[in-house]
Amino acid sequence: MTRTPSAVVIDYNPFAVGPSAGALDLGLKNQGDAECDLRLSFIDEAGVPAASLALGGVGVQFRPRESSGLRTSELEPGVFRYTLSGQASGDAQLDTAIVVDAVPDAGTYAADLKLLIQDGEGKLLVPPLPVRVQLVSTPRAQLNLAGAAGAFGSGSSVEVVDFGDAVTGATRRIFVQVRANAPSTLSISSEHRGVMRRLGDVETPSNVPYTVELQGDPVDLSAPWTKAIDPPRTLAGASLPMLFTLGAVSGQMAGKYQDVLTIDISPH
């Protein structure tokens with residue numbers, strides 16, 4: 001052995017579009033003159049072959065890197081073959097592949113394995129090498145408004161709630177979709193503290209009041225408002241109804257009225 005890694009770390013984002021991965025590179029040297037056919041495999045702490053792992057509900061498997069000379073055994077799951085010519089050195093390269101996605105709670109999940117390096121007949125060539133596989137799920141949360149352009153994680157967007165012609169007591173409803181791998185805080189703030197102001201070049205005191213409820217809870221728009229939420233640990237998360245109700249419409253100047261709400265979520 002010329003290089004013996006002791007840990008594989010997977011930075012796992014359950015909401016990412018691309019795959020997560022961790023690398024394991026082994027430096028090997030054949031000190032003999034004859035070609036050597038190596039057999040690499042993993043066992044768990046109980047000595048049971050570990051062809052795959054479940055870390056926080058996430059299914060993980062080792063797979064040969066495409067650029068590596070490592071080969072998957074067609075007859076034995078979890079066994080890899082590597083051939084070294086006499087007096088040659090080489091790198092056996094493995095990557096962890098996520099084969100079952102899940103949304104684990106934020107935290108670190110680990111499994112302690114041992115790597116066995118054997119010859120073609122099953123004889124151990126070096127003592128079993130300890131390898132710790134860690135999946136790190138950092139606190140993450142995402143928010144989306146039903147009907148907004150794009151899906152979770154696509155970046156910020158602006159959703160318009162249009163009342164049309166203002167009528168006292170008129171209502172509109174949207175849904176705030178949230179998902180997270182940790183308890184989180186949803187925050188809402190109003191640019192004009194709960195009133196829509198008339199748009200135009202000249203400021204006027206004319207405004208239209210309105211109220212907001214989230215999941216039936218009144219939202220105080222006079223100051224930044226927060227709500228503790230803990231959505232299910234699924235990709236779908238939770239969908240929270242948000243109700244807008246116009247206040248008294250009487251005597252306001254004609255024109256277009258607007259307020260801007262900022263809705264955000266942050267994991268603990």
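Before reading on, note that the structure itself is shown above.
Residues numbered from 1 in each chain as written. Predicted model: local features only at pLDDT ≥ 70, side-chain atom pairs only at ≥ 80, totals over all residues. Heavy atoms only, no water.

Take the overall build of the chain next. Looking only at helices and strands, the chain has 0 helices and 20 strands in total. Relative to the compact-globule value of 18 Å for 268 residues, the chain shows a C-alpha radius of gyration of 29 Å, a clear excess of over 25%. If one aligns the C-alpha atoms of the chain with their principal axes, the spans along those axes are about 95 × 35 × 30 Å. By the burial criterion, 37% of the 268 residues in the chain qualify as buried. (Helix = DSSP H or I, 4+ residues; strand = E, 2+ residues; numbered from the N terminus. Rg over C-alpha atoms; globule rule 2.2 N^0.38 Å. Buried < 20%, exposed > 50% of the residue type's maximum accessible area, 1.4 Å probe, protein only.)

To continue, consider the side chain of Ser 68. Position of Ser 68 relative to the elements: it lies in the loop between β5 (58–64) and β6 (71–72). Judged by relative accessible area, Ser 68 falls into the buried class, the value being 11%. Here the side chain of Ser 68 touches Leu 70 through a polar contact of 3.1 Å, landing on its backbone nitrogen. Of the polar contacts made by the side chain of Ser 68, one reaches the backbone nitrogen of Gln 93; its length is 3.2 Å. Excluding anything up to four places from it in sequence, Ser 68 contacts Tyr 82, Asp 91, Ala 92 and Gln 93. (Polar contact = N/O pair within 3.5 Å; in protein donor to acceptor, adjacent residues only side chain to side chain. Contact = heavy atoms within 4.5 Å.)

Whether parallel or antiparallel, the strands of a sheet pair through hydrogen bonds between backbone atoms. The 6 strands lie next to each other as β1-β10-β9-β3-β7-β6, forming an open sheet whose pairing is mixed. On the outer flanks of this sheet lie β1 (7–11) and β6, each paired with one strand and no other. Across 6 bridges, strand β3 (residues 36–43) lies against strand β9 (residues 107–119) in antiparallel orientation. Opposite Phe 42, over in β9, you have Leu 115 as the bridge partner. (Pairing = 2+ DSSP bridges.)

This part covers the pattern of salt bridges. Two side chains with opposite charge may pair up if their charged atoms get near one another. Per the counting criterion, the structure on display carries 10 salt bridges. For Glu 76, the salt bridge identified is with Arg 81, shortest N-O distance 3.5 Å. We classify Glu 76 as partly exposed; its relative accessible area is 27%. Close ionic contact of Arg 233 with Asp 105 constitutes a salt bridge, the shortest N to O distance being 2.6 Å. Here Arg 233, found in the loop between β17 (225–229) and β18 (238–246), pairs with Asp 105, found in the loop between β8 (89–100) and β9; they are 128 residues apart in sequence, far enough to count as distant. When its relative accessible area of 40% is taken as the criterion, Asp 105 is described as partly exposed. Here the salt bridges share partners, and the residues they tie into one network are Asp 25, Arg 65 and Asp 95. (Salt bridge = Lys/Arg side-chain N within 4 Å of Asp/Glu carboxyl O.)

What follows concerns the nonpolar core. With 31 residues, the main nonpolar core has Leu 40, Phe 42, Leu 53, Phe 62, Tyr 82, Leu 115 and Val 133 as its most contacted residues. Residues within four places of Val 133 in sequence aside, it is in contact with Val 8, Ile 10, Leu 53, Leu 55, Phe 62, Tyr 109, Ala 110, Ala 111 and Leu 113. (Core = buried A, V, L, I, M, F, W, Y, C linked by side-chain atoms within 4.5 Å.)

Within the secondary structure layout, Asn 30 lies in the loop between β2 (23–29) and β3. At 2.8 Å, the side chain of Asn 30 forms a polar contact with the backbone oxygen of Ala 34. Leave out the neighbours within four places in its chain, and Asn 30 touches Glu 35, Cys 36, Leu 84, Ser 85, Gly 86, Gln 87 and Ala 88.

As a further point, take the sheet that holds strand β4 (residues 53–55). Across the sheet, which stays open at both edges, the 4 strands sit in the order β2-β8-β5-β4 with antiparallel pairing between neighbours. Each edge of the sheet is formed by a strand with only one pairing partner; in this case those strands are β2 and β4. Ignoring which end each strand starts from, the neighbouring axes of this sheet average 30° apart. (Axes fitted to C-alpha atoms, helices over the stretch in contact; angles between N-to-C directions.)

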